[in-house]
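As a plain string of letters, each chain reads:
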Amino acid sequence: MGLRIHYGGTFDPVHQGHMAIARAARDQLQVAVRLLPAADPPHRPAPGANATQRADMLALAIDDEPGLLLDLRELERAQRQPEVPSYTVDTLRELRDELGPRQPIAWLVGADSLLGLTGWHEWEALFELAHFIVADRPGSPLQQQLPPRLQDALQGRWTAKEGDLFGAPAGRLLHLQAPLRSESATEVRQRIASGGDWRALLPGKVADYVADHRLYGLGIP
């Protein structure tokens, strides 16, 4: 049974760092990666672009990328239930109901997200629903910075073998072996708002979209 990889995030906006993570996971595991824009995550401020704009930018970013797919389930769920927060655990339960208990599912995250995992809704339930593929970022050494509760929860779950993710439905962690870029969405938004250089941080079509729609304070004195 093949592995399903899902890469969730606000993608506000999707940038070259996001793309590097998605490509690295696709290439290392040799399976498609489904990018899943969040509706309105409860653990961070409201997005700078609305959900439709963020989904549009993500679609443009992966348009010419084989093996990178768009999954809009969180946005569609928010339209059906606008009063319900967008939680990763609910998305994984929905995927588990859809794909069955034996389907290997992996959730792709950056190291910064893993370090903050204990702040996620029902975070301890996540390991029963999916594997985690963790992309390290410059300046975030995982083993030294894990909070004690998270360190205990991850004990014995790390693996260096990709096959372990294919052989079980959930519960393992794999470190993504790839040199990754250091930009963040916060940095991109700040550069756009301040009039700094920002286009090279985004896929070309996404940069054009930001300019056409005057997003993130572009052009506002």
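Rules and cut-offs
- Residues numbered from 1 in each chain as written.
- Predicted model: local features only at pLDDT ≥ 70, side-chain atom pairs only at ≥ 80, totals over all residues.
- Heavy atoms only, no water.
- Helix = DSSP H or I, 4+ residues; strand = E, 2+ residues; numbered from the N terminus.
- 1 Å grid on protein atoms, 1.4 Å probe; cavity = no way out; pocket = protein on both sides within 12 Å on 5 of 7 lines; lining within 4 Å.
- Points joined across faces, edges and corners; volume = space filled by probe spheres on them.
- Nonpolar A, V, L, I, M, F, W, Y, C, P; charged D, E, K, R; others polar.
- Core = buried A, V, L, I, M, F, W, Y, C linked by side-chain atoms within 4.5 Å.
- Buried < 20%, exposed > 50% of the residue type's maximum accessible area, 1.4 Å probe, protein only.
- Contact = heavy atoms within 4.5 Å.

Structural notes on unusual backbone geometry
Omega for the peptide link from Asp12 to Pro13 comes to 0°, which places this bond in the cis form. Its location among the elements puts Pro13 in the loop between β1 (4–9) and α1 (16–29). Positive phi values are uncommon outside glycine, yet Glu122 reaches one of about 50°. Despite not being glycine, Tyr216 has its phi angle at roughly 60°, a positive value.

Structural notes on empty space enclosed by the protein
The method is simple in principle: a probe with the dimensions of a water molecule rolls over the atoms, and the space it marks as empty is what remains. Tallied over the full model, the rule gives 1 cavity of 30 Å³ or more. In terms of lining residues, the largest cavity is bounded by Ala39, Glu74, Arg77, Ala78, Gln81, Val84, Pro85 and Ser86. In terms of residue class, the lining of the largest cavity is made up of 4 nonpolar, 2 polar and 2 charged.

As for the nonpolar core
In this structure, Ile5, Val33, Leu35, Met57, Leu108 and Val210 are the most contacted members of the largest nonpolar core, which totals 40 residues. Among the elements of the structure, β1, α1, β2 (33–37), α2 (51–61), β4 (105–110), β5 (131–135), α9 (185–194) and α10 (204–213) are those that each provide at least two residues to this core. The biggest single contributor to this core is α1, with 6 residues. Excluding anything up to four places from it in sequence, Leu108 contacts Ile5, His6, Tyr7, Gly8, Ile21, Ala22, Ala25, Val33, Ile133 and Leu176. Core analysis: the second largest hydrophobic core is formed by 24 residues, Leu92, Val109, Trp120 and Leu154 among them.

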